[in-house]
Amino acid sequence: MYSTHLNSGRTSSRGSTPSPEPSTELDLNDVQGLLLHGYREMRELAMLFLRIDDTERCRQWLGELARDAITSSDPREHERRAREQGKHYSRVNVALSHRGLATLGLPEEVLATLPFELREGMARRAREHLRDVEANDPDRWELGGTRHEDDLHVLLLLYASDGERMDRLLHDHEMRATAQGLRKVHVQRGHREQRPDDPPGYFRDHFGFLDGLSQPRLEGFKEPGGHPRDYDRPLKRGEFILGHANEYEEYPVSPCVPRRLDVTEVLRNSPGHAEWRDLGHNGSYLVVRKLEQDVREFERFLDRNAALAPKGTQENRREWLAAKLVGRWRNGAPLTSAKRCPLHRFLPFLFRDKAKPPVVSRSSAKDVDNGFLYARDDPHGFGCPVTAHARRCNPRDALPPSREASMEVTRRHRLLRRGFSYEDGGGKGLLFLALNASLNRQFEFIQRSWVHFDQLGGVEGAEDPLSGDGGGRLLIPEKPVRQCVADLQRFVTTRGGGYFFMPSLKALRFLAALGAAPRG
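(A) Broad picture of the overall build of the protein. If you tally the helices and strands in the protein, you get 16 helices and 17 strands. With 520 residues in all, the protein has 58% of them scored as buried. Partitioning the intrachain contacts of the protein with sequence separation of at least 6 by distance along the chain shows that 71% fall at a separation of at least 24.

If you want it as structure tokens, here you go:
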């Protein structure tokens, strides 16, 4: 998923003048690889959370990482490493918290240019802005939270093709970091499990659903091979990459530094800020969430309520109910009728009572349709319920007051998701990783206004049936009377998380040189 030439929009940052140096190209060698690639071929993830104990040695470590370890988005570099290293070719990316950036020595005038959400931290915003309450309360988190968030300075993301290679990769980087003045705070392993009948490059979560099917495309980038057709045109790159135009035709908020601090002169000028350099250019903000999945309770729920489904075998009824909760069949097939099938659109009653999941090709995820729209193809939710998880998190054209307005609103609230499954001594679940250029407008808005909104479609008490707090209702539109399951259980519990800044490679080199004397 790459391009070597991208046109620049005529944009400006809010309240600033247009950039004096508009970019016409995206330097892929400057962008960390996780931003533009999902690393779908990688089965193993290790998130190594580190605390900085020795600032000077940590800067040296960052410089070494930027020089010889960080994986960029450059396809030529990717091909070279893959050719030279074969199956031993791993991926390495790095991100830093607000506390980590402060510990590295960024002055307060620079820290003040970081987004408020990053400065405050996920744990301090969790109750009010993410609705992490009761069992989800940050006081209870295993990763970060009110007790440990200030210790999460650096996040090293390691990817390998199998467990044995990951063991060696993780050990090497732990030893390297420890020798350079960093202390291990936490290690979180992740794994991707693929079934024999799944499309290549796509994996199942612990509830059994194919993950990562609906991903936004970026303007000017080639669509990755095997990716299902998207329902909308590509998004502006500034929705995910700082320093570039977003869907508002503006530059997203990006941290910047006084020119005198850029002793190696690696950073670009900051748009609209004379004598300042853009620290955020070609970087992004990373959201990490550890979400435990209660698989046993989920399967029990399906057993208890399978009778809600149309006639069919017990197993097909369970699959039908699971699909209604999530908004897709477990194999990735949509519940909403595709526009290219007029029988589904004009004679929906012929298909509404089919509890058996459709067959999906094993050869390519392109056969998993992602080109559907809700208001156009399923306005009343007879296919995908209005309150289903997938429809809430990405409502496409279904928001009031119009389909056109809904598409524009939805375009401004997309996420690049890079998740993995996990299983450890505390349980099993999903490691939710997402990249966005605005923590508030993108991730937090989705959590606060869509996932936890309990009056969706004029229905009260209908919080997200999969990721909600429990106690809500699942509404399944049917004729003549809709069906309802009251007092839903909690299936997903937040066990940790954090907000991080993922710098460009040039920004990493700047951070590594922070100890040098500033220019006069």
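After presenting the structure, the write-up continues.
(B) Representation of the packing of helix H1 (residues 55-68) against helix H16 (residues 505-512). Where H1 meets H16, the axes come as close as 8 Å, and the angle between the chain directions of the two elements is 150°. Taken together, H1 and H16 sit at an angle that is classed as roughly antiparallel. For H1 against H16, the interelement crossing comes out left-handed. Contact residues: Arg 59, Leu 62, Gly 63 and Ala 66 in H1; Leu 505, Leu 508, Arg 509, Leu 511 and Ala 512 in H16.

(C) Highlighting the environment of Gly 208. Along the chain, the position of Gly 208 falls in the loop between strand S6 (182-191) and strand S7 (250-251). For the pair formed by Gly 208 and Asn 331, sequence separation is 123 residues and the distance between their alpha carbons is 8.2 Å. What Gly 208 contacts, discounting residues up to four positions off in sequence, is Arg 195 and Arg 330.

(D) Molecular detail of the sheet that holds strand S9 (residues 268-269). One open sheet holds the three strands; their spatial order is S8-S10-S9, and the pairing between them is antiparallel. Whereas interior strands pair on both sides, the edge strands pair on one side only; in this sheet they are strand S8 (256-258) and S9.

(E) Structural view of the environment of Pro 379. For Pro 379, the position within the fold is in the loop between helix H12 (374-377) and helix H13 (389-393). In this view, Pro 379 contacts Tyr 374 and Arg 391; residues no more than four positions away in its chain are not counted.

(F) Representation of the side chain of Asn 93. Here Asn 93 lies in strand S3 (residues 91-96). A relative accessible area of 0% places Asn 93 in the buried class. Here the side chain of Asn 93 touches Gln 32 through a polar contact of 3.3 Å, side chain to side chain. Here Thr 71 takes part through its backbone oxygen, which lies 3.0 Å from a polar atom of the side chain of Asn 93. Apart from residues lying up to four places away in sequence, Asn 93 is in contact with Gln 32, Gly 33, Leu 34, Tyr 39, Ile 70, Thr 71, Leu 155, Leu 156, Leu 157 and Met 502.

(G) Region of the structure containing the packing of aromatic side chains. One pass over the full model with this rule turns up 12 aromatic pairs. Judged by centre distance (5.6 Å) and plane angle (65°), the ring pair of Phe 372 and Tyr 374 falls under edge-to-face. Each member of the pair Phe 372 and Tyr 374 is classed as buried. Among the aromatic residues, ring-to-ring pairing joins Phe 207, Phe 209, Phe 298, Phe 301 and Phe 491 into one connected group. The ring of Tyr 89 has Arg 91 lying over it, and the distance from NZ or CZ to the ring centre is 3.9 Å. Over the face of the ring belonging to Tyr 248 we find Arg 412, whose NZ or CZ atom lies 4.2 Å from the ring centre.

(H) Quick look at the pattern of salt bridges. Applying the stated rule across the entire model yields 49 salt bridges. As a salt-bridge pair, Lys 184 and Glu 174 come within 3.5 Å of each other at their nearest N and O atoms. You can see Lys 184 sitting in strand S6 and its partner Glu 174 sitting in helix H8 (residues 163-179), a full 10 residues away along the chain. The exposure class of Lys 184 is partly exposed, given its relative accessible area of 45%. Judged by its relative accessible area of 17%, Glu 174 is buried. Linked by salt bridges that have partners in common, Glu 299, Asp 303, Glu 315, Arg 318, Glu 319 and Arg 330 make up one network.

(I) Molecular detail of the pairing of S3. S3 sits mainly inside the fold: six of its six residues count as buried. Alternating positions in S3 separate into two faces, Arg 91, Asn 93 and Ala 95 on one and Val 92, Val 94 and Leu 96 on the other, with burial throughout. Looking at chain direction, S3 and strand S5 (residues 154-160) are connected through six bridges and run antiparallel. Bridging from a neighbouring strand, Ala 95 pairs with Leu 155 of S5.

(J) Local environment of empty space enclosed by the protein. Scanning all chains against the criterion turns up three cavities of 30 Å³ or more. Those elements that provide at least two residues to the lining of the largest cavity are strand S11 (284-293), H13, strand S14 (427-436), helix H15 (439-451) and strand S17 (492-502). For the lining of the largest cavity, the element with the highest residue contribution is H15, accounting for five residues. Residues belonging to the lining of the largest cavity are distributed by class as follows: 24 nonpolar, 14 polar and 10 charged. Taken as a whole, the second largest cavity spans an internal volume of roughly 50 Å³. Asp 464, Pro 465, Gly 468, Asp 469 and Gly 470 are the residues nearest the centre of the second largest cavity, which is lined by 13 residues in total.

(K) How the structure looks around the nonpolar core. In terms of nonpolar packing, the biggest core is built from 90 residues, with Trp 61, Leu 106, Phe 298, Phe 510 and Leu 511 touching the most fellow members. Once residues lying within four places of it in the same chain are set aside, the contact partners of Leu 106 are Leu 101, Leu 111, Leu 279, Phe 510, Leu 511 and Leu 514. Within the second largest apolar cluster, 32 residues are counted, among which are Tyr 159, Leu 286, Tyr 422 and Leu 433.

(L) Main features of the confidence of the model for the protein. Averaged over every residue, the pLDDT of the protein is 87; the share at 70 or more is 86%. Taken together, the stretch residues 1-22 has pLDDT below 50 and engages in 55 contacts with residues farther than four places along the chain or on a different chain.

Definitions and limits used
- Residues numbered from 1 in each chain as written.
- Predicted model: local features only at pLDDT ≥ 70, side-chain atom pairs only at ≥ 80, totals over all residues.
- Heavy atoms only, no water.
- Helix = DSSP H or I, 4+ residues; strand = E, 2+ residues; numbered from the N terminus.
- Buried < 20%, exposed > 50% of the residue type's maximum accessible area, 1.4 Å probe, protein only.
- Contact = heavy atoms within 4.5 Å.
- Axes fitted to C-alpha atoms, helices over the stretch in contact; angles between N-to-C directions.
- Parallel < 35°, antiparallel > 145°, perpendicular 65-115°, else oblique.
- Left-handed = near helix turned anticlockwise from the far one by under 90°.
- Pairing = 2+ DSSP bridges.
- Polar contact = N/O pair within 3.5 Å; in protein donor to acceptor, adjacent residues only side chain to side chain.
- Phe/Tyr/Trp six-rings, centres within 6.5 Å; stacked < 30°, edge-to-face > 60°.
- Lys NZ or Arg CZ within 6 Å of the ring centre and 35° of its normal.
- Salt bridge = Lys/Arg side-chain N within 4 Å of Asp/Glu carboxyl O.
- 1 Å grid on protein atoms, 1.4 Å probe; cavity = no way out; pocket = protein on both sides within 12 Å on 5 of 7 lines; lining within 4 Å.
- Points joined across faces, edges and corners; volume = space filled by probe spheres on them.
- Nonpolar A, V, L, I, M, F, W, Y, C, P; charged D, E, K, R; others polar.
- Core = buried A, V, L, I, M, F, W, Y, C linked by side-chain atoms within 4.5 Å.
- pLDDT = per-residue confidence, 0-100.

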